[in-house]
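Close look at the chain arrangement
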Amino acid sequence: MSIVNPNDPLERQNEKLLVIAQSLMRRVEQKNDQSGLAYQQFERAALLETQVRQRTQELERTLDLLQDSNARLEQANFETEAARTNITEAIETINEGFALFDPDERLVLFNSRFCRDIADVADDLAEGLPFQEYVELVSRSPHLAHESGESPADWAAARLSRHSHDHVVFNVRLRWNRWLQISEHRTARGGTVILQTDVTDMMRSERQQRDQLLDQQARILQATLDHLNQGVCIFNHDKELVGWNKTMSDFAAMPADESVHGLTFSALLDNIRNELTFHDGFDDARLSRWANHRSRRKPIAFEVTRNDVQILSVFAQEMPDRGFVISFTDVTSERQAARALFDMNETLEAGVIARTEELGVALAEAERANASKSRFVAAASHDLLQPLSAAKLFMSSLSDQLDTPQTLNVLGKAETALAGVENIIAALLDISKLDAGKAVFDIQPVRLSAIFGPLRDELTPVAAAKGLSLTIIESSLSVQSDPGYLRRIMQNLISNAIKYTTTGRVVVGVRRHEGSARVEVWDTGPGIAEKDQQTVFQEFERLDGATPNEGLGLGLAIVDRAAKGLGHDLNLRSEIGRGSCFAVDTKIALGSGDTLVSIPQFQADWGDALDGMIVLLVENDAQLATAMTFMMESHGAEVLPASNAQDAKDLLEEIQLVPDVVLLDYQLGSDVTGIDLYRDLQAAYGNVPAAVISADHSQALRRDCAALSLKLLAKPIDKEKLLSFLVVLREEGVEQT
């Protein structure tokens, strides 16, 4: 057990140790025996004195440190108070009202200018005031000027909504036409700094400048109105006259001064009612109903006669402020000229009608004859081709049973004759279809190499039999055309060149020309005179020197009609004795390439072009439906698939949602077509944008789709065409929205 309590202060412990040391020293001095016990007590006393000395030194050092810490704390408090004083003085030097709220939305610091213009709020400002309570104080202040119908709670809610932003600047209107601009900013630690700036002078100056500008614009407007040949009068939303021009003063006999300003519309109409005669069933009562209409007025136009002499065209239209403007235009001379012209036209029309009737009868007879001819040729050609094909089969079978060279030679000539007849009938059938408008063109990308290759194999032996050289230069270009008709055009042009060329060669090649591919057929034939270069494209026209077995002269006629149907330009250049060049201009298909001249390639980057678009796809081919769904969804669309008409109806009824666009297969089975389904959807949901997908290229289907404003997309589906159609629909929907 220690004789010194360690919990005592160092001063107390030292005092106890000194007392103990002194007591021991006295005992040592009083005892005369020099025993070992006395010496031990002396040593103990010396040790205690040493400890007391150390404790005393430690206590002195501790006191020094404590005094130093107190001095530093005092200095820090002094600096803190000085900084606070500096901040306070600094914000007092700011011309605007300043306030700082801490991250807990409580008022920390503000200057004397803060809320100075809202005195009742300034009296309640104190450190620790919550921001929401500050807003409520301002909203209830009588110094605040609320908008019409706005309550203090509404103002406070709008103010707190602005407080959610990191940076915001807005104006607050006070009574007596005073304004404060509030600038609120968020600090790095999440606090809020508010600056209040008095912008009354600036707002008043701006209003004054605006009033001056409006006054200047009013003078300019009045000057403009006075220079118009039309009479113009302007009424405000209370149907009071606020503006007119000199021409209107003359029409209505109004005084030149401002005494009629504020005259009501009904009073002005009463002043001029007796001078006006309304036309075409329009009357003054209808005009009054229009002016007094409570809802939005639609523009109206009518004519009146003033004093039975002057004809005025009147146009009335509502203005954005519910006022309206009426203009009067003198059209007397125009109506008189129109009446004179009408009388003249009646005389001319009588003669034209009589002549037209005569021409109509002749034209009808010609059209009936032409239609009858086309129907006959088509029917006869179709009926003749079947027995002709049977005859060719019989001839082929007979050749296996004959072995006499002379008989085989005769049989070969008969087969050649039958082939010629077949070609003529086929040509007549093409002509009849083209003339009757029944030819169906399937425009699609066509590789020219796919046309040139078979024609080279087919016609090279024909040219070689005449001793001619046929050269068809390869091309990797693709063009927009019908593959069947384009092949027929090129076959007829090359065959025609071989037919009329006796020596030399025939060359076929492709040139780039102004963004199109020009397919040219050159020959070294006799050439065509300029006077014959138009007639060679007519049916049954042949060049001089052609023999009867060289056909009926239908080849170039078919070429001319087919090129026009395809939209291809057909050109002819020829020189007597040097040969001819027939050229067909076709549009280059996108993605086409050529080894000689490069074409800029373009591929649309659709990205998420269909983002958010809802598409109903009705397709009974599961694989095609899956492919189309994947393609459209990859560009952001939401696809609702259905395999038949009933599934589509049930799906829309279940989800109660009208899609943005509908894609319908034409053949849906069970005698139901995509057009039938669209009519049902149209009756249920209105005019939903839609497209029909079909491999049927008939004119009847095209007409049915056009009648319903349906887009027709041909199979196989072209991705670019489908996406272009959908994107256009989506953009039209955003603009309308």
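Rules of the game
One numbering rule holds for all chains: residues counted from 1, following each sequence as written. The model is predicted, so local features are restricted to residues of pLDDT at least 70 and side-chain atom pairs to those at 80 or more, both for listing and for counting; the totals for chains, interfaces and linings are taken over all residues. Calculated side-chain values reflect all of the structure's heavy atoms, with hydrogen atoms and water omitted. For salt bridges, the criterion is a side-chain nitrogen of Lys or Arg within 4 Å of an Asp or Glu carboxyl oxygen. Each helix is a run of DSSP H or I of at least 4 residues and each strand a run of E of at least 2, with the numbering of both proceeding from the N terminus. Relative accessible area decides the class of each residue, using a 1.4 Å probe on protein chains only: under 20% of the type maximum gives buried, over 50% gives exposed, and in between gives partly exposed. In this analysis, a patch consists of residues with relative accessible area above 30% that form no salt bridge, clustered at 9 Å for like charges and at 5 Å for the nonpolar side chains Val, Leu, Ile, Met, Phe, Trp and Tyr. The Shrake-Rupley method, run with a 1.4 Å probe, gives the accessible areas here. Residue values count only the displayed protein chains as cover. For this count, His and the chain ends are skipped, Lys and Arg are scored as positive, and Asp and Glu as negative. By convention, the point assigned to a charge is CZ for Arg, NZ for Lys, CD for Glu and CG for Asp. Centres within 6.5 Å are what make two rings of Phe, Tyr or Trp a pair, Trp counting through its six-membered ring; a difference in plane orientation under 30 degrees is then read as stacked, over 60 as edge-to-face, and the rest as tilted. Geometrically, a charge over a ring is one whose NZ (Lys) or CZ (Arg) sits within 6 Å of the ring centre while staying within 35 degrees of the ring normal. Confidence scores labelled pLDDT are given residue by residue by the predictor and lie between 0 and 100. Contact definition: two residues touch when any of their heavy atoms are within 4.5 Å. A helix is expected to reach a length of 1.5 Å times the quantity of its residues less one. Read the arc as the range of directions from the helix axis to the C-beta atoms.

**Looking at the pattern of salt bridges**
A complete count under the given rule lists 20 salt bridges for this structure. Between Arg306 and Glu275 there is a salt bridge, with the nearest N and O atoms lying 3.5 Å from each other. Linking Arg306 in strand 9 (residues 300-306) with Glu275 in the loop between helix 8 (265-272) and strand 8 (276-278), this pair joins segments that are 31 residues apart in sequence. Close ionic contact of Asp680 with Lys649 constitutes a salt bridge, the shortest N to O distance being 2.8 Å. Of this pair, Asp680 sits in helix 17 (residues 674-685) while Lys649 sits in helix 16 (residues 645-655), and the two are 31 residues apart along the sequence. Here Asp680 falls in the partly exposed class, since its relative accessible area comes to 38%. Since its relative accessible area comes to 29%, Lys649 is described here as partly exposed. Because the salt bridges share partners, they merge into one network encompassing Arg296, Arg297, Glu318 and Arg322.

**Description of unusual backbone geometry**
We note that Asp280 has phi near 55 degrees; this positive angle belongs to a residue other than glycine. Along the chain, Asp280 turns up in the loop between strand 8 and helix 9 (284-291). For Asp280, a relative accessible area of 80% gives the class exposed. With phi around 55 degrees, Asn307 is a residue other than glycine that occupies positive phi space. Residue Asn307 is classed as partly exposed on the basis of its relative accessible area, which comes to 44%.

**Describing a negative patch on the surface**
On the surface, Asp123, Asp124, Glu133 and Glu136 cluster together into a patch of negative charge. By the element assignment, Glu133 lies in helix 4 (residues 131-139). With a relative accessible area of 38%, Glu133 lands in the partly exposed category.

**A word on the packing of aromatic side chains**
As enumerated under the stated definition, the model contains eleven aromatic pairs in all. Arranged with centres 5.1 Å apart and planes meeting at 25 degrees, the rings of Phe235 and Phe324 form a pair that is stacked. With Phe235 in strand 6 (residues 231-235) and Phe324 in strand 11 (residues 324-330), this pair connects stretches of sequence that are 89 residues apart. A relative accessible area of 0% places Phe324 in the buried class. Between the aromatic rings of Phe282 and Phe302, the centroid separation amounts to 4.1 Å while the plane-to-plane angle is 10 degrees, which identifies the pairing as stacked. On the criterion of sequence distance, the pair formed by Phe282 in the loop between strand 8 and helix 9 and Phe302 in strand 9 is long-range, its members being 20 residues apart. In this pair, the class of Phe282 matches that of Phe302, namely buried. Taken together, the ring pairs connect Phe101, Phe114, Phe131 and Tyr134 into an aromatic cluster. The aromatic ring of Trp290 is capped on one face by Arg297, whose charged end is 5.5 Å from the ring centroid.

**Quick look at the confidence of the model for the protein**
Chain-level statistics for the protein give a pLDDT mean of 78 and a share of 77% at 70 or above. Mean pLDDT across the secondary structure elements of the protein bottoms out at helix 11 (residues 405-436), with 63, and peaks at strand 13 (residues 469-472), with 92. Low pLDDT (under 50) marks residues 545-549, which in the prediction has three contacts with non-local residues, meaning those over four places away or in another chain. For residues 593-603, every residue scores under 50 in pLDDT, and the model assigns this stretch 16 contacts once sequence neighbours within four places are set aside.

**Re helix 5 (residues 152-163)**
An ideal rise of 1.5 Å per residue puts 16 Å on twelve residues; helix 5 measures up with 17 Å between its terminal C-alpha atoms. Every buried residue of helix 5 is listed here: Trp155, Ala156, Arg159 and His163. Burial along helix 5 is one-sided: seen end-on, the buried residues are contained in an arc of 100 degrees. Along its buried surface, helix 5 packs onto helix 4, strand 3 (167-174), strand 4 (178-186) and strand 5 (192-198).

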